[in-house]
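Understanding the architecture of this molecule
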Amino acid sequence: MTASKATREQLRRHNRQLLLHAVYSGLADNRAALAQETGLAKPTVSDLIGELIAEGLLIEVGRGQSTDSGGKRPTLLQFVPDARQVIGISLDVDRVRGVLCNMAGKIIAQHHANLFDIEGHPVIDIVQHVINGLIAQLDAPLLCIGMGVPGIVENGSGVVQYAPQFGWHNLPLAQILTECYQAPVYIANKAEMAAMGQYAFGMPNDSRSPVVVLLNSTIEIGMVLGGAIYHNGGDISSLHISRQLGQHSETGRLETFLSWPYLKRRAELLRNEHPNTTLPATGLTFMHMQYAALHGDAAAITLVEEITDILAQVFSWIIAMLRPDHISLAGGIVDMGETVLNRIMAKAEALVQPELVQSVRFSLAESYELSALGAVAEALQNELGLVR
Amino acid sequence: MKKPTIGIITNNQYGVFQRDTISGVREIAQQSGYEVIVDSLAEDPLHPRSVSLDWQKLTGVVAIANATSDELLRQIYESGKPISLVGHRVPGTPIPAVTSNNNQGMAELVKHLVKSCDRRKFVYIRGEMNQDDAIQRETVFRHELMRYNLPAEEMYFVRGDFDPEIAAASIRELLELQVYFDAVLAADYQMAIVAMELLQMAGIKVPEEVSIAGFGDAPAAQAAGLTTVSADILELGRRATRQLIGQVNGLTIQGVTTLSVQLMIRATSCPA
């Protein structure tokens, strides 16, 4: 009995999502057209539309044109994006970022709080303080919460299996937050969320399989396939690579050569080799590197070449194995601009067939809120079936 | 029974920014059943006084910009009294705040001046550098110059202190030096307006020869046709009050709520 009840509820939820999505995306705007579009029986459509109107998710907005065969003019339906709000959270090593959005992804408010060398449960406390900051700003009922975290997340359960930066192992984060906020919580890797953010809000509608390469304190990749997150991406920081550095080659984990802490140390070494460099001793950013490189600074040029060498390897693996139609580079490195992206693409062409590289579109994902916005998109996708 | 009361600490309740913030606070406070009292400390800037609010008897406190000392704000926070800051942070404390998105606004403004108006040589009129907004806007401005491969030369960063008279003196000095620049960007709109007036008096055509832009919007900026970044200050007050009431209702909040701003392209930036 329980199983059949669950199935009926699941079916009802699925049918509601079909109808909402059809109105949201403009595929149909009245009950008859919805029945035709979704294949659902007219009484089922009427019943569910009545429910969605009662909940404020749809409104009736007058009469449309009657069909060529005449008959009654249909009542037009419209999606109400402000009827609910969604919170998206992105967890970085040093900061928790949150966005409060309506159901069309329009940002109402943002909130952030810094993390200072903490791990374990205190990180969850700060996450909650950020969510609370956005709860205080709600203009409509909270629909759900999405969250992107670095590391590996079990698909579906929201259990963070491994996030070494925070000392998290098998942490039931979705369950903890659901109990606290009495709202559905959806959790995935933050690069996966970033890919969802790009897919939903950041790129042309014809992209079907975008990949995001996210470079911060870790190196992570996320992918969307057929409109849904491909849940086997995530943290690739520990992959081993070898590279040529001057006369010798060296082998190490990807994070050894590309993570921000490494790049700062490498810049320090290069500063010693090139005392006239304009790279600042403190407060170094990717922007400083690019600016100095453009002005012929030898230390900065070396650093940019090393970064692009390794990213070209990462891009070529992705292109050869996943064959995406779009790759976006995300994280602080985006400040280095199109020049660096072009350099990576040119180097990737030497590593895989140039035709394969040329079949992919490349872009910079410039929003710092991309993972948080992706978390909003993922939550909306799961809760109401609303993405693109 | 006495109504719960929100206290506002401000330096001058009649200033444009402060007045709009206070209106926003009053609107949400009234809807939520709170009274509001205002402690305006420096209406006479030469004779500022200390806080007279008996804050311990209030339900919560909204403090606007740098109206009072960080020590007092820290003391209020540590006593457990709900407090929200507007356009200000107290370093080393988790006191929650609400602010406009200076990063987004400055990035969009510089992009507009460089990409759309083809400007390369900027004068920057600085804000009062003990205020959070001034520090953030200048930091982002310097960062954005690098994005477009433009140098940050210190002589083109002039003092303004969010005070049109101080900004005017700096612009006069720069004009006397007869140095070349093709854009003036000010940390607020009032300083931008005074810069525009001085340039025009000196026979410099705006925007044909020099583009002018500011930060923040008001009827005076609209009347002057000034390109600027519009922050909804009423909304800032409303959101700060919601943050405060959230705390009164038991939410523990740390960090900063930021509100989006809008680039207002008017007549002073790009030549027709």
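Residues numbered from 1 in each chain as written. Chains lettered and ligands numbered in written order. Predicted model: local features only at pLDDT ≥ 70, side-chain atom pairs only at ≥ 80, totals over all residues.

1. Quick look at the overall build of chain A
A tally of regular secondary structure across chain A gives 13 helices and 17 strands. Taken along its principal axes, the extent of the C-alpha atoms in chain A is 80 × 50 × 40 Å. In chain A, buried positions account for 44% of the 388 residues. Partitioning the intrachain contacts of chain A with sequence separation of at least 6 by distance along the chain shows that 61% fall at a separation of at least 24. (Helix = DSSP H or I, 4+ residues; strand = E, 2+ residues; numbered from the N terminus. Buried ≥ 20, exposed ≤ 12 C-beta atoms within 10 Å, placed from the backbone. Contact = placed C-beta atoms within 7 Å.)

2. What to know about the pairing of strand 4 (residues 83–86) of chain B
Residue and element names in this part refer to chain B. On strand 4, burial covers both faces: I83 and L85 on one face and S84 and V86 on the other are all buried. Of the crossover connections in this fold, the one passing from strand 3 (residues 60–64) over helix 2 (residues 70–78) to the parallel strand 4 is right-handed. Where strand 4 meets strand 5 (residues 97–100), two bridges bridge the pair, whose relative direction is parallel. The residue bridging V86 from the neighbouring strand is V98, located in strand 5. (Right-handed = clockwise from strand over helix to strand, strands pointing away. Pairing = 2+ DSSP bridges.)

3. Examining the packing of helix 8 (residues 260–273) of chain A against helix 10 (residues 298–322) of chain A
The packing of two helices is summarised by the inter-axis angle and the distance between the axes. Residue and element names in this part refer to chain A. Taken N-terminus to C-terminus, the directions of helix 8 and helix 10 make an angle of 145°; their axes are 9 Å apart at the nearest point. The way helix 8 lies across helix 10 gives a crossing that is right-handed. The residues of helix 10 that touch helix 8, namely those facing R266, A267, L270, R271 and E273, are A299, T302 and L303. Class assignment of the residues belonging to the contact of helix 8 with helix 10 gives a composition of four nonpolar, one polar and three charged. (Axes fitted to C-alpha atoms, helices over the stretch in contact; angles between N-to-C directions. Left-handed = near helix turned anticlockwise from the far one by under 90°. Nonpolar A, V, L, I, M, F, W, Y, C, P; charged D, E, K, R; others polar.)

4. A short note on the interface of chain A and chain B
The interface is formed by 20 residues belonging to chain A together with 19 residues belonging to chain B. Elements that contribute at least two residues to the side of chain A that touches chain B include exactly strand 5 (107–114), helix 4 (121–135) and helix 9 (286–294) of chain A. Split into classes, the residues belonging to the side of chain A that touches chain B amount to ten nonpolar, nine polar and one charged. Relative to strand 11 (residues 256–259) of chain B, strand 5 of chain A is paired through three bridges, and the arrangement is antiparallel. Residue pairing in the sheet places H111 of chain A in a bridge with T257 of chain B of strand 11 of chain B.

5. Digging into the sheet that holds strand 16 (residues 326–331) of chain A
All names here are of chain A. Read from one edge of the open sheet, five strands run 13-12-11-16-17, paired in mixed fashion. Single-partner strands in this sheet number two, and they are strand 13 (228–235) and strand 17 (361–364). Adjacent strand axes in the sheet meet at a mean angle of 20°, parallel and antiparallel pairs treated alike. Examined bridge by bridge, strand 12 (residues 219–225) and strand 13 share five bridges and lie antiparallel to one another. When the sheet's bridge partners are listed, V224 is paired in strand 13 with I229. Its contacts with the sheet put helix 6 (residues 190–202) on strand 11 (210–215), strand 12, strand 13 and strand 16, and the angle it makes with strand 12 is roughly 45°.

6. Here's the deal with the domain arrangement of chain B
Residue and element names in this part refer to chain B. You can read the domains of chain B as domain 1 (5–100 + 232–260) and domain 2 (102–230). The C-alpha centroid of domain 2 is placed 29 Å from the C-alpha centroid of domain 1. Per-class residue counts for the side of domain 1 that touches domain 2 are two nonpolar, six polar and one charged. (Domains from an automatic or database assignment.)

7. Thoughts on the nonpolar core
Generally speaking, a soluble globular protein has its nonpolar side chains buried in company with each other. Among the nonpolar cores identified, the biggest contains 191 residues, and I89 of chain A together with A192 and A195 of chain B are the most heavily contacted of them. No other element matches the eleven residues that helix 10 of chain A contributes to this core. Aside from chain neighbours lying at most four places away, what touches I89 of chain A is V96, G98, V127, V130, I131, I145, M147, A372 and A375 of chain A. (Core = buried A, V, L, I, M, F, W, Y, C linked by C-beta atoms within 7 Å.)

8. Side note on the environment of G158 of chain A
Residues and elements named next belong to chain A. For G158, the location among the structural elements is in the loop between strand 7 (152–153) and strand 8 (160–163). Residues G158 and L134, spaced 24 residues apart in sequence, show a C-alpha to C-alpha distance of 21 Å. Apart from the residues within four sequence positions on either side, G158 is in contact with V153, L173, A174, Q175, V185, Y186 and I187.

9. Describing the environment of K190 of chain A
All names here are of chain A. Mapped onto the fold, K190 is located in helix 6. Given 34 C-beta atoms within 10 Å, K190 falls into the buried group. Each C-alpha atom, one on K190 and one on S90, is 6.6 Å from the other, the two residues being 100 residues apart in sequence.

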